[in-house]
Structures are given as structure tokens and as C-alpha cells.
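Below, each chain spelled out in residue letters.
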There are 4 protein chains.
Amino acid sequence: MTIRAVVIGAGGYSGAELVGLLLAHPATSIVGLFASAKRDGVNQPALFSDSFGRFRGRLDLPVRATSVPDVLALKPDVVFLATPHEASVELARALAAPGGPVVLDLSAAFRLKDPALYPKHYGFEHPDAGLLDRAVYGLPELHRATLATAMLIAVPGCYPTSAILALAPLARAGAIARRADGRLTRPIVDSTSGVSGAGRGLNLRSLFCEVHQQPYGVLSHRHQPEIDAYAGVPTVFTPHLGPYERGILSTIHVELAAGWSEARVRETLAGAYAEEPFVRLCRAGVWPSVADVRGTNFCDLACATDDAWGHLILVSAIDNLVKGAAGQAVQCMNIRFGLGETTGLLPAEKA
Amino acid sequence: MTIRAVVIGAGGYSGAELVGLLLAHPATSIVGLFASAKRDGVNQPALFSDSFGRFRGRLDLPVRATSVPDVLALKPDVVFLATPHEASVELARALAAPGGPVVLDLSAAFRLKDPALYPKHYGFEHPDAGLLDRAVYGLPELHRATLATAMLIAVPGCYPTSAILALAPLARAGAIARRADGRLTRPIVDSTSGVSGAGRGLNLRSLFCEVHQQPYGVLSHRHQPEIDAYAGVPTVFTPHLGPYERGILSTIHVELAAGWSEARVRETLAGAYAEEPFVRLCRAGVWPSVADVRGTNFCDLACATDDAWGHLILVSAIDNLVKGAAGQAVQCMNIRFGLGETTGLLPAEKA
Amino acid sequence: MTIRAVVIGAGGYSGAELVGLLLAHPATSIVGLFASAKRDGVNQPALFSDSFGRFRGRLDLPVRATSVPDVLALKPDVVFLATPHEASVELARALAAPGGPVVLDLSAAFRLKDPALYPKHYGFEHPDAGLLDRAVYGLPELHRATLATAMLIAVPGCYPTSAILALAPLARAGAIARRADGRLTRPIVDSTSGVSGAGRGLNLRSLFCEVHQQPYGVLSHRHQPEIDAYAGVPTVFTPHLGPYERGILSTIHVELAAGWSEARVRETLAGAYAEEPFVRLCRAGVWPSVADVRGTNFCDLACATDDAWGHLILVSAIDNLVKGAAGQAVQCMNIRFGLGETTGLLPAEKA
Amino acid sequence: MTIRAVVIGAGGYSGAELVGLLLAHPATSIVGLFASAKRDGVNQPALFSDSFGRFRGRLDLPVRATSVPDVLALKPDVVFLATPHEASVELARALAAPGGPVVLDLSAAFRLKDPALYPKHYGFEHPDAGLLDRAVYGLPELHRATLATAMLIAVPGCYPTSAILALAPLARAGAIARRADGRLTRPIVDSTSGVSGAGRGLNLRSLFCEVHQQPYGVLSHRHQPEIDAYAGVPTVFTPHLGPYERGILSTIHVELAAGWSEARVRETLAGAYAEEPFVRLCRAGVWPSVADVRGTNFCDLACATDDAWGHLILVSAIDNLVKGAAGQAVQCMNIRFGLGETTGLLPAEKA
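Residues numbered from 1 in each chain as written. Chains lettered and ligands numbered in written order. Predicted model: local features only at pLDDT ≥ 70, side-chain atom pairs only at ≥ 80, totals over all residues. Heavy atoms only, no water.

Participant: Please give an account of the overall build of chain A that cites residues and values.
Facilitator: Across its full length, chain A carries 12 helices and 14 strands. Taking 2.2 N^0.38 as the reference for a compact globule, 351 residues should give roughly 20 Å; the C-alpha atoms of chain A span a radius of gyration of 20 Å, in line with that estimate. Across its three principal axes, chain A shows a C-alpha extent of roughly 60 × 50 × 40 Å. Looking at chain A as a whole, 64% of its 351 residues are labelled buried. Residue pairs at least 24 apart in sequence account for 71% of intrachain contacts in chain A once pairs closer than 6 positions are excluded. Roughly 11900 Å² of accessible area belongs to chain A as shown, and the carbon and sulfur atoms make up 52% of that amount. (Helix = DSSP H or I, 4+ residues; strand = E, 2+ residues; numbered from the N terminus. Rg over C-alpha atoms; globule rule 2.2 N^0.38 Å. Buried < 20%, exposed > 50% of the residue type's maximum accessible area, 1.4 Å probe, protein only. Contact = heavy atoms within 4.5 Å. Areas by Shrake-Rupley, 256 points an atom, 1.4 Å probe, with all protein chains shown as cover.)

Participant: How would you summarise the confidence of the model for chain A if you had to cite specific residues and measurements?
Facilitator: When pLDDT is averaged across chain A, the result is 95; 97% of the residues are at 70 or more. Interface predicted TM-score (ipTM) for the complex: 0.95; the corresponding pTM is 0.96. (pLDDT = per-residue confidence, 0-100.)

Participant: Quick one: what's the story with the relation of the copies chain B and chain A, residue by residue and with numbers?
Facilitator: Superposition record for chain B on chain A: RMSD 0.0 Å, screw rotation 180°, translation along axis 0.0 Å. The symmetry that links the two subunits is that of a two-fold axis. Residue by residue, 100% of the interface of chain B is reproduced at the interface of chain A, so both copies engage with the same surface. (Least-squares fit on C-alpha atoms with pLDDT ≥ 70 in both.)

Participant: Can you tell me about the packing of aromatic side chains, naming the residues and giving the values?
Facilitator: For any pair of aromatic rings, the description rests on two quantities: the centre-to-centre distance and the angle between the ring planes. Applying the stated criterion to the full structure yields 30 aromatic pairs over all chains. Here Phe208(A) and Phe208(C) contribute two aromatic rings whose centre-to-centre distance is 4.9 Å and whose plane-to-plane angle is 10°, an arrangement assigned as stacked. Linking Phe208(A) in the loop between strand E8 (188-193) and strand E9 (214-215) with Phe208(C) in the loop between strand E8 (188-193) and strand E9 (214-215), this pair reaches from one chain into another. Classification of Phe208(A) by relative accessible area gives buried; the value is 12%. Note on Phe48(B) and Phe55(B): the rings are 4.9 Å apart at their centroids and 45° apart in plane angle, and the pair reads as tilted. The ring centre of Phe298(B) lies 4.0 Å from the NZ or CZ of Arg280(B), which sits over that ring. (Phe/Tyr/Trp six-rings, centres within 6.5 Å; stacked < 30°, edge-to-face > 60°. Lys NZ or Arg CZ within 6 Å of the ring centre and 35° of its normal.)

Participant: Lay out the interface of chain B and chain A in plain terms, naming residues and giving numbers.
Facilitator: Counting residues at the interface gives 35 residues for chain B and 35 residues for chain A. Both faces combined, the contact of chain B with chain A buries some 3300 Å², and carbon together with sulfur accounts for 65% of it. Ranking the residues of chain B by area buried against chain A places His212(B), Gln213(B) and Trp309(B) at the top, with a combined share of 21%. Counting the contacts that link chain B with chain A gives two salt bridges. For Asp306(B), the salt bridge is made with Arg186(A), and the minimal N-O distance between the two is 3.1 Å. There are 10 residue pairs in polar contact (both at pLDDT 80 or more) connecting chain B and chain A. A breakdown of the residues in the side of chain B that touches chain A according to their chemical character gives 17 nonpolar, 11 polar and seven charged. (Buried area = accessible area lost by both parts, 1.4 Å probe. Salt bridge = Lys/Arg side-chain N within 4 Å of Asp/Glu carboxyl O. Polar contact = N/O pair within 3.5 Å; in protein donor to acceptor, adjacent residues only side chain to side chain. Nonpolar A, V, L, I, M, F, W, Y, C, P; charged D, E, K, R; others polar.)

Participant: How would you summarise the sheet that holds strand E5 (residues 102-105) of chain A if you had to cite specific residues and measurements?
Facilitator: Residues and elements named next belong to chain A. Strand order in the open sheet formed by seven strands is E3-E2-E1-E4-E5-E7-E6, and the pairing between neighbours is parallel. Two strands close off the open sheet at either side, each with one partner strand: strand E3 (63-65) and strand E6 (136-137). Note: strand E2 (residues 28-35) against E3, three bridges, orientation parallel. The residue of E3 that forms the bridge with alanine 35 is alanine 65. (Pairing = 2+ DSSP bridges.)

Participant: I'd like a rundown of the pairing of strand E8 (residues 188-193) of chain D, residues and numbers included.
Facilitator: In summary, the side chains of a regular strand alternate between the two faces of the sheet. All names here are of chain D. Of all six residues that make up E8, six are buried, and the element is covered over most of its length. Burial along E8 is two-sided: Ile188, Asp190 and Thr192 facing one way and Val189, Ser191 and Ser193 facing the other are all buried. For E8 and strand E10 (residues 236-241), the ladder comprises six bridges, and the chain directions are parallel. For aspartate 190, the partnering residue across the bridge sits in E10 and is threonine 238. Summarising the sheet, E8 and strand E11 (residues 248-255) pair through six bridges and their orientation is antiparallel. In the sheet register, valine 189 faces E11, and the bridge partner there is isoleucine 252.

Participant: A description of the environment of Pro127(D) should follow, citing residues and the corresponding values.
Facilitator: All names here are of chain D. Residue position: proline 127 is located in the loop between helix H5 (117-122) and helix H6 (129-134). Here proline 127 falls in the partly exposed class, since its relative accessible area comes to 39%. Placed 69 residues apart in sequence, proline 127 and arginine 58 show a C-alpha to C-alpha distance of 39 Å. When sequence neighbours within four positions are dropped, the list of residues in contact with proline 127 reads Val89 and Arg93.

Participant: Account for the pattern of salt bridges, with residues named and values stated.
Facilitator: The tally for this structure, following the rule as stated, stands at 74 salt bridges over all chains. Residue Glu226(A) pairs with Arg111(A) through a salt bridge whose shortest N-O separation is 3.1 Å. Taken as a pair, Glu226(A) in helix H9 (residues 223-231) and Arg111(A) in the loop between E5 and helix H5 (117-122) lie far apart in primary sequence, 115 residues in all. Side by side, Glu226(A) and Arg111(A) carry an identical accessibility label, which is buried. Linking Asp70(C) and Arg64(C) is a salt bridge whose minimum nitrogen-to-oxygen distance equals 3.6 Å. A residue is classified by how much of its surface remains accessible, and Asp70(C), at 31% relative accessible area, is partly exposed. What emerges from the salt-bridge pattern is a single network uniting Glu17(A), Arg54(A), Arg246(A) and Asp319(A).

Participant: Would you mind going over the sheet that holds strand E2 (residues 28-35) of chain D in detail, with residue names and values included?
Facilitator: Residues and elements named next belong to chain D. One open sheet holds the seven strands; their spatial order is E3-E2-E1-E4-E5-E7-E6, and the pairing between them is parallel. Edge positions in the open sheet fall to strand E3 (63-65) and strand E6 (136-137), since each of these has one partner strand only. One ladder, built from four bridges, connects strand E1 (residues 3-8) with strand E4 (residues 78-81); its direction is parallel. Within E4, the position partnered with valine 6 by the bridge is valine 79.

Participant: Would you mind going over the nonpolar core in detail, with residue names and values included?
Facilitator: Counting residues in hydrophobic clusters, the biggest one holds 363 residues, and the most contacted among them are Phe80(A), Phe80(B), Phe80(C) and Phe80(D). Not counting the four nearest positions on each side in its chain, Phe80(C) is found in contact with Ala5(C), Val6(C), Val7(C), Ile8(C), Leu18(C), Leu22(C), Leu104(C), Leu106(C), Ala329(C) and Met333(C). (Core = buried A, V, L, I, M, F, W, Y, C linked by side-chain atoms within 4.5 Å.)

Participant: I'd like to hear about the domain arrangement of chain A, residue by residue, with values.
Facilitator: Residue and element names in this part refer to chain A. Considered domain by domain, chain A is made up of domain 1 (3-134) and domain 2 (159-320). Using only C-alpha atoms to locate each centre, domain 1 and domain 2 end up separated by 27 Å. Facing the 16 residues of domain 1 at the interface are 11 residues of domain 2. Contact between domain 1 and domain 2 buries roughly 1200 Å² in total, counting both sides, with carbon and sulfur atoms accounting for 51%. At the boundary of domain 1 and domain 2, one finds two salt bridges. The class makeup of the residues in the side of domain 1 that touches domain 2 is five nonpolar, six polar and five charged. (Domains from an automatic or database assignment.)

Participant: So what's going on with the pairing of strand E14 (residues 311-318) of chain C? Residues and values would help.
Facilitator: All names here are of chain C. Across the eight residues of E14, eight count as buried, placing the element largely inside the fold. Across the two faces of E14 the burial is the same, with His311, Ile313, Val315 and Ala317 and Leu312, Leu314, Ser316 and Ile318 all buried. Two elements, strand E11 (residues 248-255) and E14, share eight bridges in a ladder whose sense is antiparallel. Bridged to threonine 251 within E14 is valine 315.

Participant: Describe the interface of chain D and chain B, listing the residues and the values that go with them.
Facilitator: With 17 residues of chain D at the contact, the number on the chain B side is 17 residues. Taken over both partners, the interface formed by chain D and chain B buries close to 1700 Å², and the fraction arising from carbon and sulfur atoms is 72%. The largest contributions to the chain D side of the interface with chain B come from Leu202(D), Phe208(D) and Cys209(D), which together make up 42% of the buried area. For the interface between chain D and chain B, the tally reads two salt bridges. Here Glu210(D) and Arg200(B) are joined by a salt bridge, their closest N and O atoms 2.8 Å apart. The interface formed by chain D and chain B holds six residue pairs in polar contact (both at pLDDT 80 or more) in total. Taken together, the residues that form the side of chain D that touches chain B break down as 10 nonpolar, four polar and three charged.

Participant: Pulling in residues and values, what's your account of the environment of Asp307(D)?
Facilitator: Residues and elements named next belong to chain D. By the secondary structure assignment, aspartate 307 is in the loop between strand E13 (299-306) and strand E14 (311-318). Between the C-alpha atoms of aspartate 307 and leucine 256, which are 51 residues apart in sequence, the distance is 9.1 Å. The residues touching aspartate 307, leaving out its near neighbours within four places in the chain, are Ser261 and Glu262.

Participant: Which residues make up helix H12 (residues 322-336) of chain C, and what values do they have?
Facilitator: Residues and elements named next belong to chain C. Spanning 15 residues, H12 covers only 18 Å between terminal C-alpha atoms, well under the ideal 21 Å at 1.5 Å per step. The largest bend along H12 measures about 45° and falls at glutamine 328. The buried count for H12 comes to 15 of 15 residues, which makes it a mostly enclosed element. Among the residues trailing H12, glycine 338 stands out with phi positive, at a value near 70°. (Expected span 1.5 Å × (residues − 1). Bend = angle between axes of the 7 residues up to and from the residue.)

Laid out in C-alpha cells, this is it:
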């Protein structure tokens, strides 16, 4: 089988990462690359490999201006949208139709089920509650079964992936303490991301000489409702930028419910992820590092508890462009097309 | 007045930072440099400027093997110990005598008042409870008055400085919520430090190609009891290493007591630091960055609250080698010798 | 004496570096800050310290839109132009008049004496050959005497400073071999600069995730004619960008004339720079590093020869924003105003 | 076919890179990992994945102390030596025997044909001139044919690979000018390498806070004779360290022989590399960047000439750990075992 793939938004970091993964994927063929709408001040070069020199001689396709008929004329089996969320809304509505390609959207346009959240967190009225409803949130560790038949997959955000994978199994198992008022206590999620997470736009704060360890979006980041929706517990999420290229490290604090020890936490996580090819639980005393997951689709997880206080510390690390974007999209595609889930993401098993 | 200064431990990063500050200080004269005990595998060059090329032609003193009589023969007014804590214990006992020099110790040897904490957190029995008792913890913003007459000053650790300056005024003012059992809720302190904080020792984890965003010392870092002792509240402290040279950013979460709003927090911090030359409170919406404090003695502070939950986020940034070590030591020296507190740390006022 | 200083172009990296140096300078008072023309896509914040957070609480002046009458109304003794060269041409013509302030221009607008070079290398016809002629090239090590009375000082470029300081004494002494046709052989200058050298403009190539070791401007860089004009020999200059913030390292290859050995080269450089406060000649076997000059006004120099081939290797290191821009401007100002040349650049001598 | 592979020296950066490539290689099976002799101060963890966390869960083999019988007991088809050159000499002599495994040595132990060069450049008498003579220098672009039957392959050094690929076709074609005395003029090779090139040993100069742009080994680097031996022309080679993890950029200056223009240079390089899968010639105006070759086995090449002076500038970029070490070793292995040359280094062709 060869899956005919189109990437829209191939001029950004997630789009280019996706192109690299698809090139190496044994069952896909990239049949077309399209640009997001032209960004202010950035001239899109004619050839993809002019924009990203590492593809020189490996993929010399042009990057074309996006047009739905032009995309459909390529008869794609799958279309990846690495586009801003407004563009994704329009493109998904045009493309994700019966008989059309499977659409994998890397933006936030279809991640939240509740249309009411969009105006507040994303600044626009979502025009298609029906499509929102049919979209599947593409975190395989949570939604593998429904992904197998999805026509529109909302690939999770980078920060949410790092937080949800740590928290969801524990929230589901009742590990999180409740307050006197009956509400769950809120885990604290302090995350640091490399600069590629800010995208390839021309912002002063992404200049080499401006970047340094600093929080941003405090109490107001767009990923907060996404984390809360899928972690199974409301959280306090604070993102930071770090002076490096790629990778997210999240340090998460949880107030444990009575009866929860480090051993039980570890057992719960181990149980949840025993069969997962891309979640690695570190043994006690070993802590995830961005260095260990760079360029991979792994999420590394570790935990420790202060039993006297019932305090749990969880740490997770992912590559924001791989497990936090393009790699997760490929993992979803593999599931959707019935391929081995690690195809193109890990070496094939050898005879 | 010229203060005759000696630096012991001039081969490390804090020691060298101190030398740079003392060179620029209008009222001090560096009369001698001494090495910590020779470290395995590191040959101490004969001249200080061979070890730190940036001092070439500016300070070509030799770095001598430490000997108490040799130090005293220089008739120093002040001796800085940028030495490991075991060495500091011995040197301070020998030097901090009546009629002797003022001793400023940058190690942890005299920071904790309770001798019982040393075996657990530092792995040695403290041999001199009396000297412990007489030592003054050198955080000017808390202990300015007692510093003025101290003979032995325990210069605070880098992480503690960043956490205590944020928390102490709030703890003192009763801003921190109590649990049902009456104990204070524990603020969460997630800190990231540049690599210079790990010192100049030859450790695999300090190699350029090994460093990346990663926690360490989780639930077991030596700075935990120091933070708790001076912040006025027990905390949960988790240090991380980041891939950069210098600077600490601490993100701190506090459960607020009833009646505490963002305005009141801000007013409390503003009141505490209105006259402080080295604490800068950011206005709402501006967050500290390591870039803004690098190479300075400033601590930048910011805050925001989620009033519905009574949740406060504090962020502080310092340069771990300056406000977190050498600059703070100079600030203490200025107080102790009756100089203007910012001498050598900020430009002099102009006519 | 207090020198009233104005900085135009305070929103760029050189301008901000200059502000920092002037703040610390005991004899200057910053009386006004002005912006270059508004750059596309960059909103100039109202306060200088909003644009560069490290100045928070230290200099909270507004950055005003540039207007010559507004500048003159401040009665400045000195005006620094950290502006693009087209703007500098206009501003210098308006400001550098008899009875007016001393003008120090950090752009290339007045560095070349020959107006004919401007169209080719800078893309514009120079409108004021007379002013060009009166401008003094501000390399103190070469032109100290004429700087003392200059009304317009063209502060050298960063790459040229690193190359000229290495080559000029040797070219003057006849150390450079001639070709069979009588022309001097051309030294090869391979330089690597940190990213701040590219300025604060919003260019894709200055984004954190785009920068890496790479040449640019090969055989066509604008600094080539400037180097050739003042080094005393035509050169082959190739600039590179390196993934770091500040500093230039130049490695220079010279074919030596007959009779020139390493000893004679070293003696010539030592003679030229014996009394220079900001040029440090490394002893044999020690090589300059960007780490040693960061944040300083020093130029570190080293040399070695392959005597069998008459091949000389010179290496120089500077901080592109200090000795390559703002520090050199202050050094020139000190000379021009009869102050000690190191004032504000090195600690004052102590009693 | 499955090739049974052993890696000796799996605790270093080249060794670990090799392990990663072999894991992903469809035709190899890693049957054993061995350590170089224990390095001072570095405790070799028991498991390879403890030493390099990125292999956690992917390859949890132990790293054993090296013993020739233990290696041979594994019946390897190929043994990679990522060991210091002294160790490689001994291991190659023991292993590279008729009927034994193919040995690929990544050290310098067998790169030079002339035993007389070893004492001077490597500090030891080479004990086995016969084996030196039988070893094949593993640069496929030069020696593909002889590699096909080699029993001992000396994988080229990183700097030499970057220099030789640029120079060899031109030297062979007579592009390099001669001096009046008939000797070839010497090309100048100025190279900058990332820190991984210095290896994983505990050296002060490899610490994160010590690394910066700086030359080293000036006129005395061990790679000089290797470059000269295979480039076809003597050179002047000056290595530099840059503050980044991996990649080498070499800027090379050549005095062209009469009759050589940019077009002819480009044609010569294009001709030499038209069929080479891992050499990419950039079109005019595009210059190699370390960013474009990181993590790949490519060598990017570019050129420009100053025709008035007959001056050629060549620039090449490689990843020092891939095309400069482990990737090149795998490329050689592929040739030696009759596999497609890009196997495991580029995605397989798709149907």
C-alpha cells in the first residue's frame, strides 16, 4: 500500500518535521506541498528545499499556494494541516467530507469539543459544531479505538501531550485528592519548551538574542482548556520558554488521594503504558531529560512521592515537534490506515 | 578606605565572579588568591588569569595553595570563602576570630542554624555549633541590621535567594493558607538554573553535549532546608538544569489565605521592597527573564493570581553567580563595612 | 564635568549596549533616547526599559521619535548615532555643525573616504563628500591624535576592528609578502560572529531555530572595503555566523615577506600595542577565545608562524557590541573629551 | 542477510551514534557492546541505556569490558572500533585476521600509510606496518572499489572528511596553482567543529561554561597529515571549537591554476559527485550550514571564485558524528557487504 499524502503548511517547523517523517515512512508518498497563507514579511521560496536546506536533493517539490481544488486534484489519501487554526477550520470543512481524504489537523481548531470555549481561548466563533463533534482527539494512548475510523483527527498540542500522558491514568484511577468542597485539587503543571514551539513567525521574542528562560501566558495560555479537557482533572498550567531548539519538559505536582503511595502510582502508570510503544516509564531515581527524547516520538515519564505529605511529582519529556506534533500525527495516521503503529517512527523489527 | 580582600577558592565560578566584582569595586584591593584543595584531574594553573583568560592583563596574581598563616600574613580585612562546605568549616573556624578578618562564606557550611540538619542534608557532623550560632545569614533584604556587625556571614545559596525573596514577605504577612490540620500549605518552587550552578568540577553531566532541561535532586536537594528555614514556610523545591550558562528562574505556587487578592499580594511585595536597591517588582503582565538579570545583582519578581481558586503564581529571576553568590557577598561586605550598599554593584550616583 | 549624551537608535543591540556603558560612565549623563525610524513589524515600546528589560528601574526614559530640533533642544555635548547608514548620513549632516555636538556614528555612513565606493558597496550615492572628508575613522589605536579634535567620528565596524588591529602594524612594518607582479599578497580573513551582529531586525535567519555555523556575504560583504582601507593591505574577507549571542573571532592568514619570523611578528605587535589599554597580546601557545572578551572592550591577539613556508596565522577576538561598536564609541568619546581613555570601560585605578 | 555487529567503545559519542545507526539499519543485528578501557573518573554504567538515556527501552544491552575472546565468541561479521588509537592498534591486530570479522576502526590508528608519521603526530611507534599497508582508508567517494574487499577499514577523521571531499577532485584535476619553486600552493582550511568532536572525556574545556569560539591545535593538529595525505595537496589546517553540539564547517581557500574559473571548478565538482548519494553541491549563492547536515550522512559543498585574483573559496559542512564518523563507517560497511550504499542512512526507495 502507498498512502498518498499532502502537507498544507509545509513552511513551518511542524510542517517540515512532518515532511521529514513522511519521507522516511515506508508506506507514504508525498504528492504535494502547500503553503499556509503567506505570512507577513516571509517570502516563501519556490522550492521546499530552499526553505529548509536539510531537504536539498531529498525533496525538491515546490510549495504551492493552497487551493482546495488543487489539493483534491492530487487524489490524496491523507491531508495534514500544519496551518493556523483559522485556516484549519476552513480547510477541514472543505476536505473532510465522505469519500475525501483523511484529514489530520495539527492546529487547535478541532481539539475542544465545546464550541463555547473557542471565543474565549482562541478568539473566534467556531462555525461547525457538527464537525467538532465528529473530530477525534488524536492521542493514541487514550483514543486508539476511535482513531481507527476517524475522518478528521485533531492532533493534540505539545504541552497538552506532555501533561495529559502523565495525568490521565492517575485521574482516571482516582489518585487525585479532593478538596473539602468536593472538587478535585488542581495539579500544577510547570512546563518549559524549546523555541521551535513558538513557530517560524517573525517575532521579536523568537530572535536568537532575545530568547531566555521566562514564563509566558501565565494563567491565560490557550493550552489550558485542552489539558483540562483530556487530563481528567482541572490543572494550573504555566508554560516557559527555554533557550534551546526543541523539546518540552513538564514538572507536575499532584496532591494524592488517601491510600496512594509511590508504589501505587508507579503501578498505575506502568499498567497504563505497559503495551504502549512510545511511553517510557523511568525507573526510580532516573529523571527524564529533553536530551533523551529529541528527534523521537517517545514520551519519557517519571515519578516520586513525598509520602508524609501525599505529594506526587511527575515529570514528562517529549519532543514538541515529534510526539508533540508531527510524530503524533504519523502515529495517528498509522492507526487510521491499519499500519503497524510504529511504522516510520521506529526501526522495523528485524528478522 | 581600602578594604584588603582575600579570595579562597578562586578557581571556581563563584570565586572568579567575586574576583571580577572586587576588581571593579572602588574600595577593595585584592591582596591574595588561594585555591580550594586541588580537585582531581584539574591542574590549577599558576596564574589566575591562566585559569580564567578574561582576566588576562587585568589581574595576573598567582593562585596559591591555601594556608591559614599565609592568608593571615596578608592582613586581610575580609576573606571570602568560595570553597566546598567541608573546607569552609575548617577555614572559618581558623579565620573568624576576634581581631581577625570578616569572613564571608559562600558555601552552605554556616547557613543552617540547627546542627542536627547537617548530617542528613550535607553528610557531616557540624563541629562548631557556637560558630553556627554566631554566623549571620547574609540576605540583606532580611538581615541587614545584624549583618552590620557580623564576623562570619553565611552567604545564601542561589536557589534559596530566588525562593526566599519571593516568599518571605508573604509568609510573614500571613498570606499563605493553612490546611485543615492547621499546618501551612506548602508553596511549590520549580526552579531552573544555568549550568554554572553546578560548579567547575569535571562531571559528565556538566559537559556541553550532556546538558539539557532536566530535573535533579527531586525531593532531596540540599537547598530545601535552607529555603524552608528562611522563607518562613515549608516548601516543595524541585531544581532543574537548563542548557545555558547562568541565571535561575523560579516559578512558585502559593495557596493564598482567605482575604488575599492579587492587589494585596502586590502591595505587600511592593511595601517590602520599596527601598531595596536590588529587588525589582515587575508591573502586571511583565514576567522576569533570565536575560534581564544576567550579570547583575538584581532579583526580578512578578506575580499573578487566579482569584477564583486563591492561587498565586510568583516568578523570580536572579543571576546565580551574582545575586545568588558573589554579588550578594559583596552587598553583605558593603553593609558590614559601612559602605553604600550598591558600591561596586551599580554605577555610582552622578553629580 | 558631565557630558550630556543623546543616543539615537536606542532600540537596537548596539544602541542598548551604548546606553548601558553610558549609564556606568562616571562623566556622562544620558539626556535623551531616540528611535531609528520605526521598523516594519516592530512596535517600539514607549519606555526604553520595556524594550530592554535589563534596564528596568535603572533607566526608565522614553524612546522618542527622532527629530533634529528635539535632539538639539536637549543641548547635548555628544550624539551617538546607532542608526542605519542612510539615517546616519542625514542626521550627521544636520547635527555635526560648528557649535554643535560631537557626533559619533556607529554606522558605515562615514567610514570610507572615497565617495565612489558607496554606490557599489552600500547602494547609495553619498551626498556629502566634504563631511566624509572631515570625518575621522574612530580606531583609537590608529587615529588617536586626530580623534582629539574630530567633530564627526565614524566608529569602525565590528569585523574591520578585529581584522585591522591584527594586520595594520604588520602591513605598516612591511611584513606582508609581495607577489611576482609586485602587488601585496592578500591576507585571508575568516571571521565568525555571534548573532547580535545581525541586529535586532526581524529576519528569518536571526530566529533562534535558524541560526547555525554558516558563511554569508562570501566575496561580497560590505565590510571588505573598510578592512582593506585601514588594514594597509587588500584582503579576502569571509564572514560566518555562529550559534551564539556576541563576539567575533577572526583567523587570519598572511604570507610573510622574506626575513620575517614569528619572533619578529610578535615583537612588532608587542611594540605597536605595548601602551594600548585594550589590546592584549597572548603569549605563545595561548589562543583568543570569544569567552575571554565577552562584555569587555578588549581585543585579544595571538600569532604563530610556519617558518618553513613563511606562513603567519593571526587570531583576534573582540566583543562585536563593545570593541566592535559601543565600547569603541565610548573610547573615542573619552579621547575626544580629554577624559582618561579607559573611563567607564575599565575600573578606575584605586588609591 | 543479517550482519552480526559488535561495537567496542560504545561509551563515547561516536560509538553511541554508531549504535543508533545500526539499530535503525535493516540488515544488522547488534550482538554485543564493549567499553573502551575505563576512563578516569567516569564510571561506566552497567547498561548502555543508562549511559545514553535516549536508548532507554530500545537497546538495554550491557556494556562489557573489552576482551578479544569475548568479542570473537559472539561470532561477529563486523566489529567497529570506536576506541582511542592505541587500543585500536591492539584490537585490530587481534581481530582483523583471515576468517575473522571485518574491522572498521574509527580511530586514527590505521589512516596514515607511512609508519614514520605516527611517532611525530600520534606519539607512538606503529607496531604493524604490514597491517597499515593492508588497511583501506574508508572514504567511499575516493576508495569505493578497494573497500569492497577490505578486511580492515580506517574510517576517516571528521575534519579530514570535510576537507578532502572539497579538495581532492580539484587537486586531481590540476586546479591548484604552483609556486615559483614548482611546489603546489597550499590551500588554507579553517574549520569549526561542535563540541562532540572533543569526545566524552572529562576535560575542563568541554564543560558547558568553558566552550566558546576559539582555535586550537594551531599548526600542530593531528589531522593535518591525514588531510594532506588524501586531499592530494599539502594544506594549512586550523581547527576551531564552536559553542554547539555537532557539525563541522570548513572554509577553504585555494589559489587556482591558470585557466580555472568558477564554472570549471563547479563542473569538476559536479562531475566528481554526480553519482554520489551523500555529497550535495549547492547551487551558486547558497552556502552550506551545519543546520542542514546535522543528523545526516551528507556533505554539503559550495564554491565561489574571485576571478581577478584566481582565488577560490570552497565551503563544506558535515555532521562530525555521522559523515565524520559513524555514518561513514556504516556507508563503508554497506559497500563491504554488498548492500545498497545508502542502506540505513537514507530511507529506502519506495515502490
